Every structure is written in structure tokens, then in C-alpha cells.
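Coordinates in review
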Amino acid sequence: MFIIAEVGQAHDGSLGMALSYIDTLAETGVDAVKFQVHIAEAESSEHETFRVKFSEQDKTRFDYWKRMEFSLDQWKLLKQRCDKKGVEFLASPFSNAAVDLLEIVGVKRYKIGSGEVNNFLLLQKIVKTGKPVIISSGMSSFEELDKTVEFLKERKVEFSILQCTTAYPTKPEDYGLNVIQQLRERYLVPVGYSDHSARTETSLAATALGAEILEFHVVFDRRNFGPDATSSLEINEIKKLVEAVKNIKTSLGHPVDKSDNSRFSDLKNIFEKSLAINKDLLTGHKLSFEDLEAKKPKGYGINALRFEEILGKELKKDMKQWEFLNEEDIL
């Protein structure tokens, strides 16, 4: 399991905040801390309308992207902090210029955001690096994904695909957990889940359904400012989630053979029960269902699963209430 904690824009343009996220997330057990590399001039324009009015601080989306930018030296510092803390530095580029920057900074692989899956210019730029890619499929139909997969396979790129719903936050009816298996069967590559639900059960369900990669947005507090804050998990939730995911993966890696219960022999003797008499009965009494009780432990009387065999049989002796019933007590 590869677990990605996405800081995204949660740092709000503050290098100190970005470093704090790395330090804190490294303690949760995630495998990678992911950022987004936005270079305003290369990526955006005055015509971009998405989430323009969410910020009183930024007049346009272009202004927001500009404020989110880090310098090359700052990106290097973030990468160095990830290395020091033992987590992979991962980033999503949103322009060819961003790929050039990340190649200087140094990355093992590239994460492709949902809006870039059909950006073959960007994909070709990444192909030239020779590095693996992880694709989020949020806004793509299977027909579109087929073309992207074909593009990557023709160029012999190692890739994986994440089910993702581009909705912030994502409602349960839109999780699309069923798509995880569909992606695996259709493309025969590692698959995973990129979550925007701000709920831990989504990633847990994805894990149980076979996701090999998990990605989720993170924030110190969902009341923080930022476009993804309400769609993110908080730090305390992430630590619990990582532990739970690892336990589920361990479970899935150790299938239980239900046909063999030999290891429960001692417990079965303790918890399973023997037949007993629930009232004083005299010699010659014909046993009925109403005369019987089942008491622990097993082995002190006739096994309770055999109760039908002794119905209607006569007692060979007087028996006291709560005595165990054995073969030698009946005709």
C-alpha cells in the first residue's frame, strides 16, 4: 500500500506552513507528502473561472496561483525536508514548466491531476523523464481513459490509475468505489483511490476493495482557509487511518482457511456445550426438548448438537437438575 497525503494548497503560500505539514505528516506513517506545482504564467490566464471568488485576498484565480508559487530554492528545501523526515516528496505538475522545475528538484514519479489526464502535451513532457506516473481519473470517461492508457502504453510508461470523483467534498453517492475493480480489470495495472470526501471510511472501504494506492487531502483544521479545506482529513484522523489501512492490508494478505479450524480446538472445548437436565427427573422419564439445557464446557455430556438423537429416550436413573447427560444415563 502506498499512502499519499496531499497538502495541495493547504500551505496557503507559506513556506513555513508547508514545512510544518511535512514534519507533522511524517509522524502519521504516510509514505508520501504531495504538493501541487502551479506556475501562474505557464498554466493560467485571466479567463480562468474556477473558484475565482472563494478568496477575498485574491482578485483572480491567476492572482491566487501566483501567490501559491514557491521559488526553485524553496521547492528544493521542501524536498530536502521530506528526505530528512523519511517521506517521499511527490508533486503534481500543471504545466510543462512545472515538470522542468520538478526535474531539477528531483522526484521519483509524477502524479497527474484529474484535469490533466487528457493533456497529452504535459503527458509527453513527463514521458520524456522516463519516470512512472499515477493518474487520477476524476473527470475522465472510460473512453477518454482508454486513449490516455494507449498513449502511455505506446511509450512504455509505467503507470497506475486512481478512481477519483472531482467533487469537493464528495458525497457518499458519488464515491464510485465500484470503479476500483473496473479499472483493475480494464487496464491490468495497479489501481487506487483518490479521496475528497473528508471521511476516513472512504479510504478504508477502498482498501478493502483492493486499492493499492490511497491519496487524500490534508489540513490541520477543516476550518482553515483554503479551497480544499472542507474536503480534507485532519492530522489526528490520518494517523488513525494509516494504522487501520495497514491492518486491513495485513488481513487481506493473510486469507483464512475456513475449512480448517484445528487451531480453535482448545477454545471449542471451552465455549461449546454439553447437554444437561434442567429439572429433577425420575428413572424411566422420556426426555423431551423442554427437559434439556446446554452447559459449558464441551465433553462433560452428550454434545449439544446431538440433542435430537436423545429426544424420546428413557432415563436409566434418577437425575438432579443441571446434571450433565451422558450416553450411560439413557436407554
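Going by the structure above, here's the rest.
Presented here is an overview of the structure given in this document. (Residues numbered from 1 in each chain as written. Predicted model: local features only at pLDDT ≥ 70, side-chain atom pairs only at ≥ 80, totals over all residues. Heavy atoms only, no water.)

1. Remarks on the environment of Ala 26
- Within the secondary structure layout, Ala 26 lies in helix 1 (residues 15-26).
- Put simply, Ala 26 and Lys 239 are 213 residues apart on the chain and 9.9 Å apart in space, counted from C-alpha to C-alpha. (Helix = DSSP H or I, 4+ residues; strand = E, 2+ residues; numbered from the N terminus.)

2. What about unusual backbone geometry?
- A cis amide bond links Lys 296 to the next residue, Pro 297, at an omega of 0°.
- Tracing the chain through its elements places Pro 297 in the loop between strand 11 (292-295) and helix 12 (307-310).
- The phi angle at Asp 12 is positive, at roughly 55°, despite the residue not being glycine.
- Within the secondary structure, Asp 12 is located in the loop between strand 1 (2-8) and helix 1.
- Judged by relative accessible area, which is 26%, Asp 12 ranks as partly exposed. (Buried < 20%, exposed > 50% of the residue type's maximum accessible area, 1.4 Å probe, protein only.)

3. Quick word on the environment of Glu 309
- Tracing the backbone shows Glu 309 in helix 12.
- Glu 309 sits in the partly exposed class, given a relative accessible area of 44%.
- The spacing of Glu 309 and Tyr 168 is 141 residues in sequence and 63 Å in space, taken between C-alpha atoms.

4. Re the packing of aromatic side chains
- Considering all chains together, one arrives at nine aromatic pairs under this definition.
- On the numbers, 5.9 Å between centres and 75° between planes, the contact of Phe 35 with Trp 75 is edge-to-face. Residue Phe 35 is located in strand 2 (residues 32-37), and its partner Trp 75 is located in helix 4 (residues 72-85); the two are separated by 40 residues in the primary sequence.
- Judged by relative accessible area, which is 3%, Trp 75 ranks as buried.
- Measuring from centroid to centroid gives 5.7 Å for Phe 289 and Phe 307, while their planes differ by 70°, and the two rings are edge-to-face. In this pair, Phe 289 is assigned in the loop between strand 10 (274-277) and strand 11 and Phe 307 in helix 12, connecting sequence segments 18 residues apart.
- Through successive ring pairs, a cluster of aromatic residues spans Phe 35, Phe 70, Trp 75 and Phe 89.
- Here the basic side chain of Arg 109 rests over the ring of Phe 2, its NZ or CZ set 4.4 Å away from the ring centre.
- One residue, Arg 155, lies across the ring of Phe 151, its end atom 3.6 Å from the ring centre. (Phe/Tyr/Trp six-rings, centres within 6.5 Å; stacked < 30°, edge-to-face > 60°. Lys NZ or Arg CZ within 6 Å of the ring centre and 35° of its normal.)

5. Section: the nonpolar core
- The biggest cluster of nonpolar side chains holds 66 residues, and the ones touching the most others in it are Leu 25, Leu 78 and Phe 89.
- Counting residues per element, this core draws most heavily on helix 1, which supplies six residues.
- Setting aside residues up to four positions removed in sequence, Phe 89 forms contacts with Val 33, Phe 35, Trp 75, Leu 78, Lys 79, Cys 82, Leu 102, Val 105, Gly 106 and Val 107.
- Core analysis: the next-biggest nonpolar cluster, separate from the first, contains 11 residues, Ile 277, Leu 287, Leu 315 and Ile 330 among them. (Core = buried A, V, L, I, M, F, W, Y, C linked by side-chain atoms within 4.5 Å. Contact = heavy atoms within 4.5 Å.)

6. Focus on the packing of helix 1 against helix 4
- Running from amino to carboxyl end, helix 1 crosses helix 4 at an angle of 15°, the nearest separation of the two axes being 10 Å. When the axis of helix 1 is compared with that of helix 4, the two are roughly parallel. Relative to helix 4, helix 1 is oriented so that their crossing is right-handed. Residue-level contacts link Leu 15, Ala 18, Leu 19, Ile 22, Asp 23 and Ala 26 of helix 1 to Gln 74, Leu 77, Leu 78, Arg 81, Cys 82 and Lys 85 of helix 4.
- Looking at the contact of helix 1 with helix 4 residue by residue, the classes come out as eight nonpolar, one polar and three charged. (Axes fitted to C-alpha atoms, helices over the stretch in contact; angles between N-to-C directions. Parallel < 35°, antiparallel > 145°, perpendicular 65-115°, else oblique. Left-handed = near helix turned anticlockwise from the far one by under 90°. Nonpolar A, V, L, I, M, F, W, Y, C, P; charged D, E, K, R; others polar.)

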